[in-house]
Amino acid sequence: MKVLDAEFVQGFIRMADDGWLQGWHERNGGNLSYRVKPEEIETVREELNPGEWKPIGTTVPKLAGEYFLVTGSGKYFRNVSIKPEDSCCIIELDGQGENYRVCWGLVNGGRPTSELPSHLMNHEVKVVATGGRHRVIYHAHPANTIALTFVLPLTDEAFTRELWEMATECPVVFPSGIGVVHWMVPGGRDIAVATSELMKRYDVAIWAHHGMFCSGEDFDLTFGLMHTVEKSAEILVKVRSMQPYKRQTIQPDDFRRLAADFHVELPERFLYEKY
Ligand code: 13P
Ligand code: ZN
C-alpha cells in the first residue's frame, strides 16, 4: 500500500488540518507525532527507504525499533494536507533508542520537528503509564491557553482547577488534571525531561508563554482533549475580560458529586477551598 493511502496517515493529515483550521498553528507553530503500530508499518513497508542514522538528542530505550509518523521542523500545518510527503516523515528508531532515520517523506529535505526529544520522551512515558494504549502526542499554540499563562499562577493546581470550573465536561475529559512547565528554552532535552515528568501523571502539559502538549490513544481523543482545554481557557478569558472575579462557579462538593456519577477519580489536591 502507498503510505498516503494508509488509514493512520489519513488520520494524521486530517488532525493536522483540523488544528490549522482552529488557528493553533501560525507559521510552523506546533508539531504532531504518531507511534505507528507494527501491523500498520508492514502495510507500507514497500515504500520505506531508510536514510542515515542521526542522533535524537535524548535516549528513549523503551521505544527502540519503533516507527513514528511526525511533522517536519519548520513545516507549516497549513501545508500538511496539500503536500504531506514534504511536510511529514516516517522515522525508525535504532535498537538503543538513541538515533533515528527517516524512512519516508521530507522529500525536499529537512528533519523531524525540533521538539522530537519532547515527543519521544512523552511517548516513552505513556507506553509505560498506559500499557502502550496512547499513540498520539500533539503540540500546538492555542491563544487562550497561552494567554492564561500570563495571569494565572504557574501551578498544576491553579490551571487544573480554573479550567475544570469553566465547563462541566472538563473534569470528565481530563480527570487527572493539567501539568504546567515554567518558561524554558524549547527544542531540547531539558524541556523534554520536564514535560515527560508531568506526563507520568497527566495527559496535558502547558508550556508557559508557548503552548500545550496533549497525549492520547488516537487522533480523535487527542485532538478532542486539546480542543476541550482550549475552549475552557477561552471561556475563562471571556469571563475575566468581563469582570475580575466569577460571581458563581462549580464548587468542590459539586466536583465530588460529578466524580461519583461519571465514575472518574478527581484528586483531592485540586478540590481546595477558595473563598
Ligand atoms: P518545529 O517547526 O521544529 O516543529 O517547531 C515548532 C514549534 O512549535 C516549536 O515549539
Ligand atoms: Zn511550539
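Whatever comes next refers back to the structure up there.
Throughout, residues of each chain are indexed from 1 in the direction in which the sequence is written. Key to labels: chains lettered from A, ligands numbered from 1, both in the order written. It should be noted that, the model being predicted, local features are given only for residues of pLDDT at least 70 and side-chain atom pairs only at 80 or more, the latter also being counted only at that level, while totals for whole chains, interfaces and linings use all residues. Note: side-chain values were computed over all heavy atoms of the structure, leaving out hydrogens and water.

Trainee: Describe the coordination of the zinc ion (ligand 2), listing the residues and the values that go with them.
Mentor: Distances define the donors: N, O and S atoms within 2.8 Å of the metal qualify, as do those within 3.2 Å of Na, K or Ca. Water is excluded, so some sites may look unfinished. Within the protein, the zinc ion (ligand 2) binds to H139 (NE2), H141 (NE2) and H210 (NE2); these donor distances fall in the range 2.1 Å. Each donor residue of the zinc ion (ligand 2) lies on the same chain, and together they follow the pattern H-x1-H-x68-H. On the criterion of sequence distance, the pair formed by H141 in the loop between β6 (136-140) and α6 (143-148) and H210 in the loop between β8 (204-207) and β9 (211-216) is long-range, its members being 69 residues apart. Judged by relative accessible area, H210 falls into the buried class, the value being 17%. A run of H or I in DSSP counts as a helix once it spans at least four residues, and a run of E counts as a strand once it spans at least two, with each numbered from the N terminus. The rule is simple: take the accessible area with a 1.4 Å probe, protein chains only, and divide by the maximum for that residue type; under 20% is buried, over 50% is exposed, in between is partly exposed.

Trainee: Hey, could you go over the site of ligand 1 for me, with residue numbers and the actual values?
Mentor: Any residue with a non-hydrogen atom lying within 4 Å of a molecule or strand is treated as near it. Taken together, the residues surrounding ligand 1 are N28, G29, G30, N31, S73, G74, T113, S114, E115, H139, H141 and H210. Note that an oxygen atom of ligand 1 is positioned 2.7 Å from one of the side-chain N or O atoms of T113. Take H210: an N or O atom from its side chain is 3.0 Å from an oxygen atom of ligand 1. Relative to its unbound accessible surface of 310 Å², ligand 1 loses 91% to contact with the protein. Counted as a polar contact is a pair of N or O atoms within 3.5 Å, where, for protein atoms, one must be capable of donating a hydrogen and the other of accepting one, and residues adjacent in sequence contribute only when both atoms are in side chains. With residues, only the protein chains shown are counted as cover, and all accessible areas are computed by Shrake-Rupley using a 1.4 Å probe.

Trainee: Give me the lowdown on the pattern of salt bridges, citing residues and values where you can.
Mentor: Put simply, a salt bridge is a Lys or Arg side-chain nitrogen that is within 4 Å of an Asp or Glu carboxyl oxygen. A full pass over the atoms with the stated rule returns 17 salt bridges. Close ionic contact of K246 with E162 constitutes a salt bridge, the shortest N to O distance being 2.8 Å. Taken together, the residues K246 in the loop between α10 (219-242) and α11 (252-262) and E162 in helix α7 (residues 156-165) connect sequence positions 84 residues apart. Accessibility classification places K246 together with E162 in one group, the buried group. Notably, a salt bridge pairs E268 with R256, separated by 2.8 Å at the nearest N-O pair. Placement of E268 in the segment after α11 and of R256 in helix α11 is noted, with a sequence separation of 12 residues between them. Residue classification places E268 among the partly exposed residues on the basis of a relative accessible area of 49%. Connected through salt bridges with shared partners, the residues R161, E162, E165, K246 and K274 form a single ionic network.

Trainee: If you had to explain helix α1 (residues 7-22) to someone new, which residues and values would you point to?
Mentor: Here α1 contains 16 residues, and its C-alpha end-to-end distance of 23 Å stays within 8% of the 22 Å for a straight helix at 1.5 Å per residue. What α1 keeps buried is the set F8, V9, F12, I13, M15, A16 and G19. Taken around the axis of α1, the buried residues stretch over an arc of 160 degrees, which confines them to a single face. In this structure, α1 carries E7, R14 and L21 as exposed residues pointing more than 90 degrees from its buried face. Once α1 finishes, G23 follows within two positions and takes phi at roughly 85 degrees, a positive value. Helix span, expected: 1.5 Å multiplied by one less than the number of residues in the helix. Working note: the arc is built from the helix axis to C-beta atom directions.

Trainee: Lay out the pairing of strand β1 (residues 31-35) with the relevant residues and their values.
Mentor: Every regular strand shows the same layout, with side chains that alternate between the two sheet faces. β1 sits mainly inside the fold: five of its five residues count as buried. The sheet contact formed by β1 and β6 spans four bridges and is antiparallel. Following the sheet pairing, N31 is matched in β6 by H139. Pairing between two strands is assigned when DSSP locates at least 2 bridges connecting them. One ladder, built from three bridges, connects β1 with strand β3 (residues 67-71); its direction is antiparallel.

Trainee: Which residues make up the layout of surface pockets, and what values do they have?
Mentor: Gaps left between atoms show up when a probe the size of a water molecule is rolled over them. Method remark: on a 1 Å grid restricted to protein atoms, a set of points is classed as a cavity if a 1.4 Å probe fits but cannot get out and as a pocket if it is open with protein on both sides within 12 Å along at least five of seven lines; lining residues have an atom within 4 Å of a point. Grid points are joined across faces, edges and corners, and a volume is the space filled by probe spheres set on the points. Here the largest pocket defines a volume of roughly 320 Å³. Residue lining of the largest pocket: 16 residues in total, with E7, G11, D218, F219 and D220 positioned closest to the centre. Counting residues per element, the ones that place at least two in the lining of the largest pocket are α1 and α10. By residue number, the principal contributor to the lining of the largest pocket is α1, which donates seven residues. Side-chain classes are defined by residue name, with Ala, Val, Leu, Ile, Met, Phe, Trp, Tyr, Cys and Pro counting as nonpolar, Asp, Glu, Lys and Arg as charged, and the others, Gly among them, as polar. For the lining of the largest pocket, a count of residues per class yields five nonpolar, two polar and nine charged. Roughly 230 Å³ of internal volume is contained in the second largest pocket. Surrounding the second largest pocket, 13 residues form its lining, H134, V173, D203, E217 and L221 being those nearest its centre. If you list the elements that add at least two residues to the lining of the second largest pocket, you get β9 and α10. Per-class residue counts for the lining of the second largest pocket are four nonpolar, six polar and three charged.

Trainee: Requested: an account of the packing of aromatic side chains, with residues and values cited.
Mentor: Here the aromatic set is Phe, Tyr and Trp, taking the six-membered ring for Trp, and pairing holds for ring centres within 6.5 Å; pairs whose planes are under 30 degrees apart are stacked, those over 60 apart are edge-to-face, and all others are tilted. Following the criterion strictly, the structure yields nine aromatic pairs and no others. Look at Y34 and F219: their rings are 5.1 Å apart centre to centre, the planes differ by 40 degrees, and that puts the pair in the tilted class. Residue Y34 is found in strand β1, and its partner F219 is found in helix α10; the two are separated by 185 residues along the sequence. As far as the burial class goes, Y34 and F219 line up, both buried. Ring plane angle 85 degrees and centroid distance 5.5 Å describe the contact between W164 and F270, whose orientation is recorded as edge-to-face. Placement of W164 in helix α7 and of F270 in the segment after α11 is noted, with a sequence separation of 106 residues between them. By relative accessible area, W164 is classed as buried at 0%. Members of the aromatic cluster, connected to one another through ring pairs, are F8, F12, Y34 and F219. Throughout this description, the term charge over a ring refers to an Arg CZ or Lys NZ atom that lies within 6 Å of the ring centre and within 35 degrees of the ring normal. Above the ring of Y272, the side-chain terminus of R161 is found at 4.9 Å from the ring centroid.

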